[in-house]
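Remarks on the overall topology
These are the residues of each chain, in order.
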Amino acid sequence: MNKKIITPPIKSQGIKTKLVPWIMDLAPKVSGKWIEPFLGTGVVAFNSGYKDAILNDTNPHIINFYKGVQSGKITAALMKQYLETEGSILSNAGDNGYDHYRFVKTRFNEDFSPYDFIFLSRAGFNGMMRFNKKGKWNIPFCKKPDRFAQAYVTKITNQLANVNQVIQPEPNWQFLNRSFAEIIPMAAENDIIYCDPPYYGRYVDYFNGWSEADEKLLFSLLKETKAKFVLSTWHHNNWRENEMISRYWDKFNIVTKDHFYHSGGKVENRQTVVEALVCNFDITEFNAHNHGHQEKAKQLTAF
Ligand SMILES: C[S@@+](CC[C@H](N)C(=O)[O-])C[C@H]1O[C@@H](n2cnc3c(N)ncnc32)[C@H](O)[C@@H]1O
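Every chain is numbered on its own, with residues counted from 1 as its sequence reads. Local features in a predicted model are, by the rule used here, given only for residues with pLDDT of at least 70; side-chain atom pairs are given and counted only at 80 or more, and totals for whole chains, interfaces and linings are based on all residues. The basis for every side-chain value is the complete set of heavy atoms in the structure, and neither hydrogens nor water enter the calculation.

**A short note on the overall build of the protein**
Secondary structure counts use DSSP, requiring at least four H or I residues in a row for a helix and at least two E residues in a row for a strand, with both numbered from the N terminus. Scanning the protein from terminus to terminus reveals 11 helices and 7 strands. Here the globule rule is a power law, 2.2 Å times the number of residues to the power 0.38, and the radius of gyration is based on C-alpha atoms. Taken over C-alpha atoms, the radius of gyration comes to 20 Å for the protein, in line with the 19 Å a tight globule of 303 residues would show. Projected onto its principal axes, the C-alpha positions of the protein cover 60 × 45 × 45 Å. Residues classed as buried in the protein amount to 50% of the 303 residues present. Contacts: residue pairs with any heavy atoms within 4.5 Å of one another. For the protein, the share of sequence-separated contacts (at least 6 apart) that also reach a separation of at least 24 residues comes to 69%. A gap of 4 Å separates the mean positions of the 37 positive and 31 negative side-chain charges of the protein. Note on classification: 1.4 Å probe, protein chains only; a residue is buried when its accessible area is under 20% of the maximum for its type, exposed when over 50%, partly exposed between these limits. For this count, His and the chain ends are skipped, Lys and Arg are scored as positive, and Asp and Glu as negative. Lysine's charge is taken at NZ, arginine's at CZ, aspartate's at CG and glutamate's at CD.

Put into structure tokens, the structure is as follows:
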């Protein structure tokens, strides 16, 4: 898969942009729907190429934003206007821009505007997304008062326009704000489910609490499904193994890949992690580890 990746306007520390080619190469093309119970930024869905999809997340801000794009209420032109206005206030605001970041954060935490959501996602520290115990935005400012310079505004509005091109109208693409437990049973035999749940033992916030009971429920739902599924999880890092693999997931097929996560508060989260894809279909033709590396080695020796 050498296609250019469509990058969404929302950012988060768990974004799978770099892993999209690996995921899409593994996922078999099916005749039914693409079902994604843990949508996050949407980067995998937007590159899936499916005309029919069920896209779900418990985070209402993500779903609200994409529903707004789908209905035509949120457009690239309106976003450009909004970011130019707010960006110019930011660059002149006191405390090196922080005063205006705080102002937008307070406004968002009161009325949850999808435009302010993008502002915070793009002007927050390290492109992180985190909500506190009360469900309020909880990321500090990136400390760049000129964050929304023209080139950056253009980049974000282009991302929105690109996403708008692939989002299909209702009822083909349905954006839902429920728990994964209600979504997985919707899958039919000819559908494919891609699951990217919060990683057990790694990162928790208001919308990303994840216990072993959740992992177990996810396992039993995926064990029961007649659809094909691909699940992203972590396999191990330099310190430890993901105990959920031997407890649940190694009953299925697993492929792995080294991956470097760039952002994250904890030092542990900044290191190389071996990512895993777990699936319920035959993968004998697929590289067991580090997909894509052999092809590169072959190319190099050919010249
Ligand atoms: C690791 S992120 C997904 C990242 C996504 N694949 C991407 O590339 O941006 C996990 C997502 O699951 C959502 N989530 C957490 N608990 C959930 C639940 N019980 N049901 C559905 N979604 C949930 C979170 O809000 C978060 O957006």
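**Focus: the nonpolar core**
We call a set of buried residues a nonpolar core when its members are Ala, Val, Leu, Ile, Met, Phe, Trp, Tyr or Cys and they connect through side-chain atoms within 4.5 Å of each other. By size, the foremost hydrophobic cluster in this structure holds 65 residues, and its most contacted members are Trp 34, Phe 65, Tyr 66 and Tyr 101. With 6 residues, the top contributor of residues to this core is helix H6 (residues 114-123). Sequence-distant contacts of Trp 34, defined by excluding residues within four places in its chain, comprise Met 24, Ala 27, Val 44, Ala 45, Ser 48, Tyr 50, Asp 52, Ala 53, Ile 54, Leu 55, Ile 192 and Tyr 194.

**Some words on the packing of helix H4 (residues 76-92) against H6**
Angles run from 0 to 180 degrees between N-to-C directions of axes, and those axes are lines fitted to C-alpha atoms, restricted for helices to the stretch in contact. Close contact between H4 and H6 brings their axes to 11 Å; oriented N to C, the two are set at 55°. One element, H4, and the other, H6, form an angle in the oblique class. In the packing of H4 onto H6, the handedness of the crossing is right-handed. Taken together, the residues of H6 that come into contact with H4 (itself represented by Leu 78, Met 79, Tyr 82, Glu 86 and Leu 90) are Tyr 115, Asp 116, Ile 118 and Phe 119. In what follows, roughly perpendicular refers to angles from 65 to 115 degrees, roughly parallel to angles under 35, roughly antiparallel to angles over 145, and oblique to any angle outside these ranges. Rotating anticlockwise by less than a right angle from the far helix to the near helix defines a left-handed crossing, while the corresponding clockwise rotation defines a right-handed one.

**Some thoughts on the domain arrangement of the protein**
The domains assigned to the protein are domain 1 (17-58 + 178-302) and domain 2 (73-164). Reported domain spans reflect what an automatic or database domain assignment gives. Inter-centroid distance (C-alpha atoms) of domain 1 to domain 2 is 29 Å.

**A word on helix H5 (residues 98-111)**
For a helix, the expected span equals 1.5 Å multiplied by the number of residues minus one. Counted at 1.5 Å a residue, the expected span for H5 with its 14 residues is 20 Å, and the 20 Å between its end C-alpha atoms agrees. Regarding H5, the residues found buried are Tyr 98, His 100, Tyr 101, Val 104, Phe 108 and Asn 109. If you follow the buried residues of H5, they end up packed against helix H3 (60-71), H4 and H6. Directly after H5, the chain includes Phe 112, whose backbone phi takes a positive value near 55°.

**Side note on the site of the ligand**
Every one of the 22 residues lining the ligand counts as a neighbour, but Lys 16, Thr 41, Asp 57, Asp 196 and Phe 207 are closest to it. At 2.6 Å from an oxygen atom of the ligand is found a side-chain nitrogen or oxygen belonging to Thr 41. Counting of polar contacts relies on pairs of N or O atoms within 3.5 Å, with two restrictions inside protein: one atom must be capable of donating a hydrogen and the other of accepting it, and residues adjacent in sequence are counted only when both atoms are side-chain atoms. Contact distances for the ligand include 3.3 Å between a nitrogen atom and a side-chain N or O atom of Thr 58. Tallied by class, the residues present in the shell around the ligand amount to 10 nonpolar, 8 polar and 4 charged. For this description, a residue counts as near a given molecule or strand if any of its non-hydrogen atoms is within 4 Å of it. When residues are sorted by character, Ala, Val, Leu, Ile, Met, Phe, Trp, Tyr, Cys and Pro go into the nonpolar class, Asp, Glu, Lys and Arg into the charged class, and all the rest, Gly among them, into the polar class.

**Some details on the environment of Ser 12**
Locating Ser 12 in the fold gives a position in the segment before helix H1 (20-26). Residue class for Ser 12 comes out buried when judged on its relative accessible area of 18%. For the pair Ser 12 and Gly 40, spaced 28 residues apart in sequence, the C-alpha to C-alpha distance is 7.8 Å. Discounting residues that sit within four places of it in the chain, Ser 12 has contacts with Thr 41, Gly 127 and Met 129.

**A look at the side chain of Asn 290**
Tracing the backbone shows Asn 290 in the loop between strand E7 (272-279) and helix H11 (293-302). By relative accessible area, Asn 290 is classed as buried at 11%. One polar contact links the side chain of Asn 290 to the main-chain amide nitrogen of Asp 258, over a distance of 2.9 Å. Of the polar contacts made by the side chain of Asn 290, one reaches the side chain of His 289; its length is 3.4 Å. Apart from residues no more than four positions distant in its own chain, Asn 290 is found in contact with Thr 256, Lys 257 and Asp 258.

**A closer look at the sheet that holds E7**
The pairing criterion is simple: DSSP has to find at least two bridges between the two strands. Read across the open sheet, the 7 strands follow the order E3-E2-E1-E4-E5-E7-E6; overall the sheet is mixed. Among the strands making up the open sheet, the edge pair consists of strand E3 (173-176) and strand E6 (253-260). Looking at each pair of strands side by side, their axes are set apart by 20° on average, direction ignored. Across the sheet, H3 is in contact with strand E2 (53-56) and E3; its angle to E3 comes to roughly 150°.

**Digging into the packing of H4 against H5**
Remark: H4 packs on H5, axes separated minimally by 9 Å, with the N-to-C direction vectors making an angle of 135°. Classified by the angle their axes make, H4 and H5 are oblique. For the pair H4 and H5, contact is made by Tyr 82, Glu 86, Ile 89 and Leu 90 and by His 100, Tyr 101, Val 104 and Arg 107, respectively.

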